[in-house]
2 protein chains.
Amino acid sequence: MTESVLDYMTRLGRAAREASRIIGRASTAQKNRALQAAANALDAARAELSAANELDLAAGRANGLEPVMLERLALTPARIDGMIVGLRQVAALPDPVGAIRDMSYRPSGIQVGKMRVPLGVVGIIYESRPNVTIDAASLCLKSGNATILRGGSEAIHSNRAIAACIQRGLAEADLPAAVVQVVETTDRAAVGALITMPEFVDVIVPRGGKGLIERVSRDARVPVIKHLDGICHVYVSAHAELPKAQRIAFNAKTYRYGICGAMETLLVDQAVARDFLPSMAAQFREKGVELRGCERTRAIIEAVAATQEDWDTEYLAPILSIRVVDGLDQAIEHINRHGSHHTDSIVSEHQGETRRFVAEVDSASVMINTPTCFADGFEYGLGAEIGISTDKLHARGPVGLEGLTCEKYIVVGDGQLRGQEPV
Amino acid sequence: MTESVLDYMTRLGRAAREASRIIGRASTAQKNRALQAAANALDAARAELSAANELDLAAGRANGLEPVMLERLALTPARIDGMIVGLRQVAALPDPVGAIRDMSYRPSGIQVGKMRVPLGVVGIIYESRPNVTIDAASLCLKSGNATILRGGSEAIHSNRAIAACIQRGLAEADLPAAVVQVVETTDRAAVGALITMPEFVDVIVPRGGKGLIERVSRDARVPVIKHLDGICHVYVSAHAELPKAQRIAFNAKTYRYGICGAMETLLVDQAVARDFLPSMAAQFREKGVELRGCERTRAIIEAVAATQEDWDTEYLAPILSIRVVDGLDQAIEHINRHGSHHTDSIVSEHQGETRRFVAEVDSASVMINTPTCFADGFEYGLGAEIGISTDKLHARGPVGLEGLTCEKYIVVGDGQLRGQEPV
């Protein structure tokens, strides 16, 4: 008699909830011991990992997986190195759990403050890249959470082999195995169960394509930390130093086309468009970036005519839309209307203008004189990130250890009573 | 031709989104001017408010509304005073919007920090008490958000009259009327529309009975800040000073039976149960509190036999369940299993014990030597509260101005580029 998927997921959920109480109160030293031991286990299991990965790759090739997907799936020696280094880096990060802030006396005589604590159980749903197993597990473990990991079926052997190394780490630190659980079934119903168990799961982090994220957001009965589009803008103001603006815009687009912080639309103030655009366009054209422009842009440089749809598109490719705007107001209006509230930058030396841009652009990261591709947990000093949130509640922008925790109130008294004069 | 409810709500939503951009960048002075002017308008409109309220009360009586509901509905002169004072208090609170923290240089040369900003548009769904209109509108306005208020149909005239006063305040401060909108239709479909418009509404705060909150949580496509049960505990440890413990437990239960921070279950360590319970029980009995005890409790004092259900019940009434536990571990276990993660308190002078209780009890407020009824925005120094959240994400515990805001990243550079050596 086999167990139903729902029963299986319920068993995982219950075990995760139990384990979350133990990892939630584990000492920093114990958590770091587990992370270091898992790193050692990975290092010792290279042959095992490659063999498991080869099974996935063979199956992928047999199933006609696209080359880009196969590339993502591959656990190369460099990627195994990366996972080991990643674990040791997370071990070295400060532990956010237990920090108490702002304890202050109230008129009643009680002291009130806040303490940072783990969220509890984090469910991660992701696709193909097996190294996400390590990223997610290590950040959750360090922040005192239990994790349920649901990777793609195409990476199941790799994920199991990685999970075995994490289990060795947990065992060496005397932590229960259920602190990190990998969903062993490739049945799709497992995702449906995972995202509808608020009694066992406190938050879901989907990592993958837009289809996955939209489906999870729509069906979840558990809060979701998610990232939809990265339609990022650079606005070159009339008060920009143009050579600096050109360097910033070029880097924002070309540092990597495929990252969510890549610039997709360049806004240029009409006052400087004639001076700025020709040299900028030449540099992009030399790099092979296709330019799509508004009418005013096309009166200055050669570009494909941009359609209304271009302003709402995340290309993740060597394509850039360019719009000439009347000034700061129109730039802010364009960004708030067409952007994805991810990351947007102004290039300007005018203090009043940058002050307004920062206050009024409604994005997770708002930048001055710097390229949008800096939107990244490592660059921001978080040490690592579990994703970049485009939500406003709880976590906004790159999510690191702090985003995997919350704060509860701590109240300390010595017999004060409510509704009575304090002693 | 009448407008459909969906079209009407879409119009409200779109207007709120537009207005949110204006109130989001309004100065503190301008927002305070609106709040003070609204307070003056309420003061000048007492007759108008009473007349509108009388219409609601008459309709309520005709429809056979229960006396307790009629009492909640009544806008007495004292309640009007309360609304006026409340507006002036919110005007006096510090403005959370725009605060920048933790700006620091990163190795790349960029500076990264966080800025506090409004959430955008807040939808409030509430029942009967018309003064919630003022509480909610004032907190949202001060925190730079636009609000859509959906009160109960039984208070529609009162809510409209209050809204008219808020409109006068907004007009005097040159702020658009759509900053605070009251849903004018009593059609239930309006709620369904409000909670499924993520493009126009950033967060929903339901305030009312459990049925309302559960329905909103289930159907919402927008994040919800909610409060379900308040099953609060006081644990009297073996290291408690018993007279202090008795005063705290008595206050926790009897300060007000109907508030969510009222103690519903008293846990007593078996080592002190015999010394503690008789005098405690006598005091409760004198006050008319019904006691329901576990077997060990009933071996010491007279009490109704508690059923399994009692440990999971929020009485909001002069009823108390009492359980004798083996010690700290069992107390924490009981609270995390049966509590509602709202507010729980330990009475103990043992430092190691209180340290563990604070770290391991998974509740929005964890207290030492103080009654659970202190769980309140005013007592915590928030100035006012829009509710008490039992969620873990975003806002936990009493939610004030800060809970109506979020933080975005601010990144400032001077031409630094990613992937290149800093200058």
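Structural data are supplied above this passage.
The text that follows walks through the structure, step by step, so that each part is easy to find.

Points about the environment of Val 179 of chain A
All names here are of chain A.
Part 1 of the reasoning: Here Val 179 shows up in the loop between helix 7 (156-172) and strand 5 (180-182).
Part 2 of the reasoning: Residue classification places Val 179 among the buried residues on the basis of a relative accessible area of 0%.
Part 3 of the reasoning: The spatial distance from the C-alpha of Val 179 to the C-alpha of Asp 219 is 25 Å, given a sequence separation of 40 residues.
Part 4 of the reasoning: Ignoring any residue separated from it by four or fewer positions in sequence, one finds Val 179 in contact with Ala 19, Ile 23, Leu 141, Asn 145, Ala 146, Thr 147 and Leu 170.

Here's the deal with the interface of chain A and chain B
It is common to report an interface's size as the accessible area lost on association of the parts.
Part 1 of the reasoning: Contact residues are listed per partner, giving 72 residues for chain A and 72 residues for chain B.
Part 2 of the reasoning: A buried area of about 5800 Å², summed over both sides, lies between chain A and chain B, and 54% of it is on carbon and sulfur atoms.
Part 3 of the reasoning: On the chain A side of the contact with chain B, Leu 393, Tyr 409 and Arg 418 of chain A bury the most area, a combined 16% of that side's loss.
Part 4 of the reasoning: Our count for the contact surface shared by chain A and chain B stands at 11 salt bridges.
Part 5 of the reasoning: Arg 418 of chain B is paired through a salt bridge with Glu 379 of chain A; the nearest N and O atoms lie 3.3 Å apart.
Part 6 of the reasoning: Joining chain A to chain B, the criterion identifies 34 residue pairs in polar contact (both at pLDDT 80 or more).
Part 7 of the reasoning: It is strand 16 (residues 405-412) of chain A that provides the largest number of residues to the side of chain A that touches chain B, a total of 7 residues.

Let's talk about the packing of aromatic side chains
Part 1 of the reasoning: Applying the stated criterion to the full structure yields 4 aromatic pairs over all chains.
Part 2 of the reasoning: Ring geometry for Tyr 380 of chain A versus Tyr 409 of chain B: centroids 4.7 Å apart, planes at 50°, classification tilted. Placement of the pair is Tyr 380 of chain A in helix 15 (residues 377-380) and Tyr 409 of chain B in strand 16 (residues 405-412), with the two residues belonging to separate chains. One exposure class covers both Tyr 380 of chain A and Tyr 409 of chain B, and it is buried.
Part 3 of the reasoning: Relative to Phe 284 of chain B, the ring of Phe 250 of chain B has its centre 5.6 Å away and its plane inclined at 35°; by these criteria the two rings are tilted.

The rules we used
Residues numbered from 1 in each chain as written. Chains lettered and ligands numbered in written order. Predicted model: local features only at pLDDT ≥ 70, side-chain atom pairs only at ≥ 80, totals over all residues. Heavy atoms only, no water. Helix = DSSP H or I, 4+ residues; strand = E, 2+ residues; numbered from the N terminus. Buried < 20%, exposed > 50% of the residue type's maximum accessible area, 1.4 Å probe, protein only. Contact = heavy atoms within 4.5 Å. Buried area = accessible area lost by both parts, 1.4 Å probe. Salt bridge = Lys/Arg side-chain N within 4 Å of Asp/Glu carboxyl O. Polar contact = N/O pair within 3.5 Å; in protein donor to acceptor, adjacent residues only side chain to side chain. Phe/Tyr/Trp six-rings, centres within 6.5 Å; stacked < 30°, edge-to-face > 60°.

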